[in-house]
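# A look at the structure
Residue-level listing of the chains:
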Amino acid sequence: MDGSLSTIVAAYSRPVLVQIVVAIPVRNEARRLPRLLRALSAAAMRSPLPVTAVVLANNCTDGSARIVRSFTHPSLRLELHQVDFPDPNAGIARRVVLDLAARPGALILTTDGDAAPHADWIAAALRAADAGADLVCGRIDADCRHVLATAPGRRVTQAEAAHGALQHEIRHAVDLLAGRQGPERPHYIESAASMAIRSDGFRLIGGLPDTRSSEDRALVHQAESHGLAIRYADDMLATVSGRLHGRAEGGMAEALRQRMSDDDPLADQAMLPVPVLADLWSRATAGDSRPWPSRALSLGNRLRASDLEAELPALRRLVEGSVRPRLLPRGKSAA
């Protein structure tokens, strides 16, 4: 990280928050938009600050824009922008709507056209920001029973759960050594369907990284690399669809289809090989406080379900033999 920029970020004074702006990129979501707008209205009713939803209807060929124009609720102000991109992708749509939402004194929340934030979603984000967070990562849930009903879908989900739990334990230990997180292990979900960032911090780090997909994970990495405070809020929850035909290239729907059809499915690109995890742990114990690698990119070859299964014994040995013993004397077990 550039020294002068890190000094500016570390020293900047957070302006008082005076408004909530929800940034929503939408592409042909007429079927799900009413549910989203009703959910946002319910969440806005619990917000102590005025709430504006900025909807970017990009490359729509359905009634999405009409639905936004016709929806009214006393607690939610709606602002519609329509655009046709020559090369539409999730990254550019999210970047444009976030730029539109980055207003003075705003806490920017972002979600998706197929999501339904829970009633406390806005209030939870605001609580985390008031407690010192610059960027808040909420949780998401989805109904993926159709994926788990297939043998490959079950296989990769179970392999990721086992590998991911131990990987998150290592990540939390690295964060503890660097002073980035508290003693409770974060959920480490980084989804634009449930995320918030202070407008001033968003501008300070240069906005959303220029990427076609995984822009949410790229934003979290960029924010942390520039010294912003990241918090993972369990009470900031949104439900997303588990649909198989989505709008984003390289998005969740595409991943779910692949998990159902491939005998040895690709794992989430955030899953790291044991040698990489061992190196990250070694560097952290030597005093290297650099952020966790960006989950927007694969480090080396993308792992498959079989890779996660084969590496699980070595990963357990790393956690049980090195990570936990290092933290236990401090009274901070990540288990």
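Further up the page is the structure itself.
Below is a summary of the structure that appears in this document. (Residues numbered from 1 in each chain as written. Predicted model: local features only at pLDDT ≥ 70, side-chain atom pairs only at ≥ 80, totals over all residues. Heavy atoms only, no water.)

## Here's the deal with the pairing of strand E6 (residues 135-142)
Using the following cut-off: Each pair of strands is called paired provided DSSP finds at least two bridges between the two strands. Under the scheme used here, helices are H or I runs from DSSP no shorter than 4 residues and strands are E runs no shorter than 2 residues, and both carry numbers assigned from the N terminus.
Summarising the sheet, E6 and strand E7 (residues 195-198) pair through 3 bridges and their orientation is antiparallel. For Val 136, the partnering residue across the bridge sits in E7 and is Ala 196. As paired elements, E6 and strand E8 (residues 230-240) share 7 bridges and run parallel to each other. Paired with Leu 135 across the bridge in E8 is Ile 230.

## Comments concerning the side chain of Thr 111
Formally: Between two residues, a contact is recorded if the distance between any of their heavy atoms is within 4.5 Å.
Within the secondary structure, Thr 111 is located in the loop between strand E4 (106-110) and strand E5 (115-117). For Thr 111, the contacting residues outside a window of four places in its chain are Val 22, Ala 23, Ile 24, Pro 25, Leu 36, Arg 94, Pro 117, Trp 121, Ala 192 and Ala 193.

## Focus: the pairing of E8
With 3 bridges connecting them, E5 and E8 associate as antiparallel partners. Pairing of Ala 115 across the sheet is with Val 240, part of E8.

## A closer look at the packing of helix H11 (residues 274-285) against helix H12 (residues 305-327)
We apply this condition: Throughout, an axis means a line fitted to C-alpha atoms (over the contacting stretch in the case of helices), and angles, computed between N-to-C directions, take values from 0 to 180 degrees. For classification purposes, angles smaller than 35 degrees are called roughly parallel, those larger than 145 roughly antiparallel, those between 65 and 115 roughly perpendicular, and all remaining angles oblique.
Running from N to C, H11 and H12 point in directions that differ by 10°, and their axes come no closer than 10 Å. The angle between the axes of H11 and H12 places the two elements in the roughly parallel class. Judged by residue contacts, Val 274, Pro 275, Leu 277, Ala 278, Trp 281 and Thr 285 of H11 engage Glu 311, Ala 314, Leu 315, Leu 318, Ser 322, Val 323 and Arg 326 from H12.

## Looking at H11
Each α-helix turn comprises 3.6 residues. Residues three or four places apart therefore point the same way. Basically, it comes down to this: In this analysis, the expected span of each helix is defined as 1.5 Å times one less than the number of residues it contains. Throughout this description, buried means an accessible area under 20% of the type-specific maximum (1.4 Å probe, protein chains only), exposed means over 50%, and partly exposed covers the range between. Note: the arc covers the axis-to-C-beta directions of the helix.
Here H11 is 12 residues long and its end C-alpha atoms lie 16 Å apart, about the 16 Å a rise of 1.5 Å per residue gives. Of all the positions in H11, only Val 274, Leu 277, Leu 280, Trp 281 and Ala 284 are classed as buried. Along H11, the residues classed as buried sweep out an arc of 125° about the axis, all on the same side. On its buried side, H11 packs onto helix H7 (151-178) and H12. Gly 287 lies just past H11 and shows a positive phi near 100°.

## Brief notes about the environment of His 187
Mapped onto the elements, His 187 comes out in the loop between H7 and E7. It is 7.3 Å that separates the C-alpha atoms of His 187 and Asp 234, two residues lying 47 residues apart in sequence. Those residues within four positions of His 187 in sequence are excluded, and the remaining contacts are Cys 137, Gly 138, Arg 139, His 168, Tyr 232, Ala 233 and Asp 234.

## Considering the nonpolar core
Selection rule: Take the buried residues of types Ala, Val, Leu, Ile, Met, Phe, Trp, Tyr and Cys, join any two whose side-chain atoms come within 4.5 Å, and each joined set is a nonpolar core.
One finds Ile 20, Val 22, Leu 107, Leu 109 and Met 236 to be the most contacted residues of the largest nonpolar core, which totals 35 residues. Among the secondary structure elements, those contributing two or more residues to this core are strand E1 (19-26), helix H2 (33-45), strand E2 (51-58), helix H3 (64-70), E4, helix H5 (121-130) and E8. A per-element tally of this core places H5 first, with 7 residues. Contact partners of Leu 109, with chain neighbours within four places excluded, come to Ile 20, Val 21, Val 22, Ala 23, Trp 121, Ile 122, Ala 125, Met 195, Ala 196 and Met 236.

## Examining the sheet that holds E1
Overall, mixed pairing links the 8 strands, which are arranged E3-E2-E1-E4-E7-E6-E8-E5 in an open sheet. A strand with exactly one partner marks an edge of an open sheet, and here the two such strands are strand E3 (76-83) and E5. Going from strand to strand, the sheet's axes swing by 25° on average, the running direction of each strand aside. Here 8 bridges tie E2 to E3, and the two strands are oriented parallel to one another. Opposite Ala 57, over in E3, you have Gln 82 as the bridge partner. Together, E1, E2, E3, E5 and E8 form the strand contacts of H2, whose direction differs from that of E5 by roughly 15°. Each of E1, E2, E3 and E4 touches helix H4 (residues 90-101); the most contacted strand, E1, lies at about 155° to it.

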